[in-house]
Amino acid sequence: MQLTFRELLTALHGMLFGGFFLMAIFGLVVELVRSRSTAVPSELTPSGRRLEATFLILMAAFGWLAVFTGTYVIYPWYRAKPPAGTTDLTAYPRSLLLSHPTTAAWHNLGMEWKEHIAFFAVIAITMLAFVLLRQRAALRQNPALRNAALGFSLLALVSCGVAAGFGAMLDKAAPVTGGNTITLMRSSQ
Amino acid sequence: MITSEPQVPNGPVAAAILSAAIGCFALGVVSTLADKNKAFNKLMLFYPPSGALTGETTVAILIWLVVWLLLARLWRNSSRAIGPINLTSIILLLLGLLLTFPPFIDAL
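Owing to the predicted nature of the structure, the values given are computational and were not obtained by experimental measurement. (Residues numbered from 1 in each chain as written. Chains lettered and ligands numbered in written order. Predicted model: local features only at pLDDT ≥ 70, side-chain atom pairs only at ≥ 80, totals over all residues. Heavy atoms only, no water.)

Some thoughts on the interface of chain B and chain A
The partner chain A presents 33 residues to the 40 residues of chain B that form the contact. Counting the surface lost from both chain B and chain A, the interface buries some 3200 Å², and carbon and sulfur atoms represent 76% of this. Counting across the interface, chain B meets chain A through zero salt bridges. For the pair chain B and chain A, the number of links is seven residue pairs in polar contact (both at pLDDT 80 or more). Looking at the side of chain B that touches chain A, the elements with two or more residues in it are helix H1 (11–36), helix H3 (53–74), helix H4 (82–99) and helix H5 (102–107) of chain B. (Contact = heavy atoms within 4.5 Å. Buried area = accessible area lost by both parts, 1.4 Å probe. Salt bridge = Lys/Arg side-chain N within 4 Å of Asp/Glu carboxyl O. Polar contact = N/O pair within 3.5 Å; in protein donor to acceptor, adjacent residues only side chain to side chain. Helix = DSSP H or I, 4+ residues; strand = E, 2+ residues; numbered from the N terminus.)

Details of the environment of Leu 53 of chain B
Take Leu 53 of chain B: it is sitting in helix H3. Taking the C-alpha atoms as reference points, Leu 53 of chain B and Val 30 of chain B, separated by 23 residues in sequence, lie 9.8 Å from one another. Setting aside anything within four residues of it in sequence, one finds Leu 53 of chain B in contact with Thr 71, Tyr 75, Glu 115 and His 116 of chain A.

Concerning the packing of aromatic side chains
A complete count under the given rule lists 13 aromatic pairs over all chains for this structure. Both rings, one in Phe 20 of chain A and one in Phe 62 of chain A, keep their centres 4.6 Å apart while their planes meet at 45 degrees; by these two values the pair is tilted. You can see Phe 20 of chain A sitting in helix H1 (residues 5–36) and its partner Phe 62 of chain A sitting in helix H2 (residues 46–78), a full 42 residues away along the chain. A centroid spacing of 6.0 Å and a plane angle of 15 degrees characterise the contact between Tyr 75 of chain A and Tyr 78 of chain A, whose relative ring orientation is stacked. Placement of the pair is Tyr 75 of chain A and Tyr 78 of chain A together in helix H2, with a separation of three residues, close to one helical turn. Considered together, Tyr 75 of chain A and Tyr 78 of chain A belong to a single accessibility category, that of buried residues. Taken together, the ring pairs connect Trp 64, Phe 68, Tyr 72 and Phe 130 of chain A together with Tyr 47, Trp 64 and Trp 68 of chain B into an aromatic cluster. (Phe/Tyr/Trp six-rings, centres within 6.5 Å; stacked < 30°, edge-to-face > 60°. Buried < 20%, exposed > 50% of the residue type's maximum accessible area, 1.4 Å probe, protein only.)

Some points on H3 of chain B
Look at H3 of chain B: 31 Å from first C-alpha to last across 22 residues, which is about the 32 Å you get at 1.5 Å a residue. Looking at H3 of chain B, one finds that the buried residues are Leu 53, Thr 54, Gly 55, Glu 56, Thr 57, Ala 60, Ile 61, Trp 64, Trp 68 and Leu 71 of chain B. The inward-facing, buried residues of H3 of chain B contact H2 and helix H4 (104–134) of chain A together with H1 of chain B. (Expected span 1.5 Å × (residues − 1).)

Points about the pattern of salt bridges
According to the stated counting rule, one finds four salt bridges over all chains in the structure shown. Between Glu 31 of chain A and Arg 34 of chain A there is a salt bridge whose closest N-O contact spans 3.1 Å. Taken together, the positions of Glu 31 of chain A and Arg 34 of chain A, both in helix H1 and three residues apart, correspond to about one turn of that helix. Judged by its relative accessible area of 29%, Glu 31 of chain A is partly exposed. You can call Arg 34 of chain A partly exposed: its relative accessible area is 38%. In this structure, Lys 36 of chain B engages Asp 35 of chain B in a salt bridge whose closest nitrogen and oxygen atoms are separated by 4.0 Å. A relative accessible area of 46% places Asp 35 of chain B in the partly exposed class.

Some remarks on H4 of chain A
All names here are of chain A. The end-to-end C-alpha separation of H4 is 45 Å, in line with the 45 Å expected for 31 residues at 1.5 Å each. In H4, a bend of some 35 degrees at Lys 114 exceeds every other bend along the element. Most of H4 sits inside the fold, with 23 of its 31 residues counted as buried. (Bend = angle between axes of the 7 residues up to and from the residue.)

As for the nonpolar core
One finds Phe 21, Leu 28, Ile 125, Met 127 and Phe 152 of chain A together with Ile 17 of chain B to be the most contacted residues of the largest nonpolar core, which totals 70 residues. Listed by contribution, the elements that provide at least two residues to this core are H1, H2, H4, helix H5 (136–141) and helix H6 (143–173) of chain A together with H1, H3 and H4 of chain B. The greatest single-element share of this core, amounting to 16 residues, is contributed by H4 of chain A. Those residues in contact with Met 127 of chain A, other than ones at most four positions away along the chain, are Phe 152 of chain A together with Ala 16, Ile 17, Ala 20 and Trp 68 of chain B. (Core = buried A, V, L, I, M, F, W, Y, C linked by side-chain atoms within 4.5 Å.)

Shown next as structure tokens:
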């Protein structure tokens, strides 16, 4: 069971940071919808509040980790220009996708959209984490603020879903590979 | 027993909501400018291996945080009408989404 260094970091970016972020946003949406449907607002215990604070902080942190690793680590590998005369474009995903009309849209639409829209999710979730941690009382007292919070969480869910979906498909169409090979497990056979 | 809690000003939440929408809109504007203007694109090359993306996102994040800080200070102890703030935020978010959608940018 082997993978290259770049594949490992791409998996961390998409499956750990991005995957957790997407699942956490979904959890937040469910909680915000649920809180709109309760007759009496539920009060958390001190340990419940700590757990909730940990969840909110981790959610935002994983979002930032996902976009920063994507922008500063994975993206340079993805968009690296092949030297003149290169015929095997496997190590140059962007050029590989653009080299054929049937795959060019994965870059022109998928990557071009994903690289920006992911930041919408992170900005929205960081704002929501702050509001839920520091301004819970104002949210409880004002239905219009709760609607806005739900709206932003849905925006974050859609944005993160678009980014994650295209990320997965791009990695399937033209995976980022290269670097040292890491052996995770050897078969006895 | 349910005890009524004292009313708290909604200004800090309004500031957070509006500034997040402004940040998203700013990202749309900056990325469109970088796509359409070569000189501006060059200006956004904060980390050349990633292209203009690093400059675009850094500028948008800075705009978001500075606006948030200013509005939060301004509205710290006050309550705002949330309806217009929500409406403005929705419009800014939709415009931001549109300005980051590649087919729309290509058509400009």
